[in-house]
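Secondary and tertiary structure notes
What follows is each chain in one-letter form.
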Amino acid sequence: MRSLYSPRRTWLHAVPAWLKLLALSLAGTALVLIDDVPAMGVVTIVVLALFISLRTAAWQQWKTLRSLLIAASLIAAFHWLTGHAALGIASGLRIMAAAMLALMLTVSTRFDDLLAVLETLLSPLRRFGVPTERIALAIGLMLRFAENFLSQWQRLDDAYRVRTGRSGSWRLLAPLAIRALQSAERVADALAARLGA
Amino acid sequence: MTSTRSLSYIALFAAVIAVFGLIPKIDMPFGVPITLQSLGIMLVGCLLGPKRAFYTVLLLLVAVALGLPLLAGGRGGLAVFTAPSAGFLLGWLLGATACGWCMRRMAGATGKGLLAAAFLSSIIGGIVVMYAFGILGLMAMAHLTFAQAGLAVLVFIPGDLVKCALCALLVHSVVRGMPSWRLDRD
């Protein structure tokens, strides 16, 4: 499982993760507060310029941006048809600006760096007995098992295809779910034996 | 994530939801194309119970927010939380919890009763609660009125009803295939 992080270095890669997250949350708040179309237009153009400055690293995420562009256009068109063109344009621009800012963070920040910021932010919860250090373990386990289940799914599908000549699709969900539960029980036993219940 | 045992169920079910997003869309016998991730949400609620279902979906959303492409179509990163459909992601979290809570109330059901209980729980968690938050999200992000947002998502309801039925069948098969799996465990 590869993160959406792009290893192509850009100027934004050098900025620490916490600073980018802080900037993103401030910018997100600002976007919600602006509802005037010209101001929103200026903000969107600035964000677009920043986005373009990341070059290839950002445009690799064009697929995500395209689906948001479609949604934003539909919303703008809907409001225009019902006679609130300004509201529609502002909403559409806000969605695009917010998405570009978020994408910039995602492509320029390593998964581990973001995880470290999250763990630091949550660390006060440790006093109340919340095991925040287990987040990393849980994510690691999840990714390992996602790979495992995908290959189990493919194996089940291959077996079904050999028997019937067709893809198993939804018929394989029950066996997959049962296998998942059986693995879950085995891993739970193994973890309980190593880490204590 | 209180005990080690729960941790493994939580991680494993988050993986199941992620894998459901990787499986290409499935065409149902009568031509309704569906993606499976919301089925994963219902299934987690029914099989894991409210508390662990909540943590499972939370774990998935945290991993997505940190940049892993775990949503259907390889989407991920914080941008998915700025999309007009972001309300549905919050709906996943609370829908799975609601689904688990309902299933707990009817954990004693067997046979056809179990099918009905799982179907009802999926509808409450996977449609009523999920769409309530999805619609609220659309109202906030796209400035639609309640009626407009409701109409916009209406087209997805038939597909989701199919998923509820599929979820009920799955829960039924799992309970039959794994008699040791208990639905009333916390």
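Residues numbered from 1 in each chain as written. Chains lettered and ligands numbered in written order. Predicted model: local features only at pLDDT ≥ 70, side-chain atom pairs only at ≥ 80, totals over all residues. Heavy atoms only, no water.

A closer look at the packing of aromatic side chains
Residue and element names in this part refer to chain A. All told, the structure shown has 6 aromatic pairs over all chains when counted by the stated rule. Taking the centre distance of 5.9 Å and the plane angle of 45° together, the rings of Phe 145 and Phe 149 count as tilted. Highlighted residues: Phe 145 and Phe 149, both in helix 7 (residues 134-164), separated by 4 residues, approximately one helical turn. Overall, the relative accessible area of 11% leaves Phe 145 in the buried class. (Phe/Tyr/Trp six-rings, centres within 6.5 Å; stacked < 30°, edge-to-face > 60°. Helix = DSSP H or I, 4+ residues; strand = E, 2+ residues; numbered from the N terminus. Buried < 20%, exposed > 50% of the residue type's maximum accessible area, 1.4 Å probe, protein only.)

Side note on the nonpolar core
Formed by 117 residues in total, the largest nonpolar core has its most connected members in Ile 139 and Met 142 of chain A together with Leu 47, Leu 70 and Trp 92 of chain B. Among the elements that take part in this core, helix 1 (residues 4-22) of chain B stands out by supplying 13 residues, more than any other. Once residues lying within four places of it in the same chain are set aside, the contact partners of Trp 92 of chain B are Gln 37, Ile 41, Val 57, Leu 60, Leu 61, Leu 71 and Met 130 of chain B. (Core = buried A, V, L, I, M, F, W, Y, C linked by side-chain atoms within 4.5 Å. Contact = heavy atoms within 4.5 Å.)

Here we look at the packing of helix 4 (residues 62-81) of chain A against helix 5 (residues 85-108) of chain A
All names here are of chain A. Here helix 4 crosses helix 5 at 165°, and the two axes come no closer than 7 Å. Here helix 4 is positioned roughly antiparallel relative to helix 5, judged by the angle of their axes. Seen from above, helix 4 lies across helix 5 with right-handed handedness. Residues Leu 65, Leu 68, Leu 69, Ala 72, Ile 75, Ala 76, His 79 and Trp 80 of helix 4 pack against Ala 85, Leu 87, Gly 88, Ile 89, Ser 91, Gly 92, Ile 95, Met 96, Ala 99, Met 100 and Leu 103 of helix 5. The residue inventory of the contact of helix 4 with helix 5, partitioned by class, reads 15 nonpolar, 4 polar and no charged. (Axes fitted to C-alpha atoms, helices over the stretch in contact; angles between N-to-C directions. Parallel < 35°, antiparallel > 145°, perpendicular 65-115°, else oblique. Left-handed = near helix turned anticlockwise from the far one by under 90°. Nonpolar A, V, L, I, M, F, W, Y, C, P; charged D, E, K, R; others polar.)

Structural notes on the layout of surface pockets
Quantified by volume, the largest pocket comes out at close to 1,600 Å³. Lining of the largest pocket is provided by 46 residues; of these, Arg 75, Pro 84, Ser 85, Phe 88 and Phe 156 of chain B occupy positions nearest its centre. Of all the secondary structure elements, the ones that give two or more residues to the lining of the largest pocket are helix 4 of chain A together with strand 2 (33-34), helix 2 (37-48), helix 4 (86-105), helix 5 (111-142), helix 6 (146-154) and helix 7 (157-177) of chain B. Top element by residues in the lining of the largest pocket is helix 4 of chain A. It accounts for 10 residues. Of the residues that constitute the lining of the largest pocket, the class distribution is 29 nonpolar, 12 polar and 5 charged. (1 Å grid on protein atoms, 1.4 Å probe; cavity = no way out; pocket = protein on both sides within 12 Å on 5 of 7 lines; lining within 4 Å. Points joined across faces, edges and corners; volume = space filled by probe spheres on them.)

Brief notes about the confidence of the model for chain A
Residue-level pLDDT values for chain A average 87, and 99% of them are 70 or greater. When pLDDT is averaged over each element of chain A, helix 2 (residues 37-53) of chain A comes out on top at 94 and helix 8 (residues 173-195) of chain A at the bottom at 84. (pLDDT = per-residue confidence, 0-100.)

Quick notes on the interface of chain B and chain A
Between chain B and chain A, the contact holds 56 residues from the first and 62 residues from the second. The contact between chain B and chain A buries some 4,900 Å² in all, and 80% of this surface belongs to carbon and sulfur atoms. The largest share of the area that chain B buries against chain A comes from Thr 4, Leu 12 and Leu 66 of chain B, three residues that together contribute 14% of it. Applying the counting criterion to the chain B and chain A interface returns 1 salt bridge. Linking chain B with chain A are 8 residue pairs in polar contact (both at pLDDT 80 or more), by the criterion used here. Only helix 1, helix 2, helix 3 (50-65), helix 5 and helix 7 of chain B provide two or more residues apiece to the side of chain B that touches chain A. In terms of residues, the side of chain B that touches chain A owes the most to one element, helix 1 of chain B, which gives 14 residues. (Buried area = accessible area lost by both parts, 1.4 Å probe. Salt bridge = Lys/Arg side-chain N within 4 Å of Asp/Glu carboxyl O. Polar contact = N/O pair within 3.5 Å; in protein donor to acceptor, adjacent residues only side chain to side chain.)

Quick word on unusual backbone geometry
Phi at Arg 55 of chain A is positive, roughly 50°, even though this residue is not glycine. Of note, Arg 55 of chain A is situated in the loop between helix 2 and helix 3 (56-59). For His 143 of chain B, which is not a glycine, the phi torsion comes out positive at approximately 55°. Turning to its location among the elements, His 143 of chain B is positioned in the loop between helix 5 and helix 6. A relative accessible area of 31% places His 143 of chain B in the partly exposed class.

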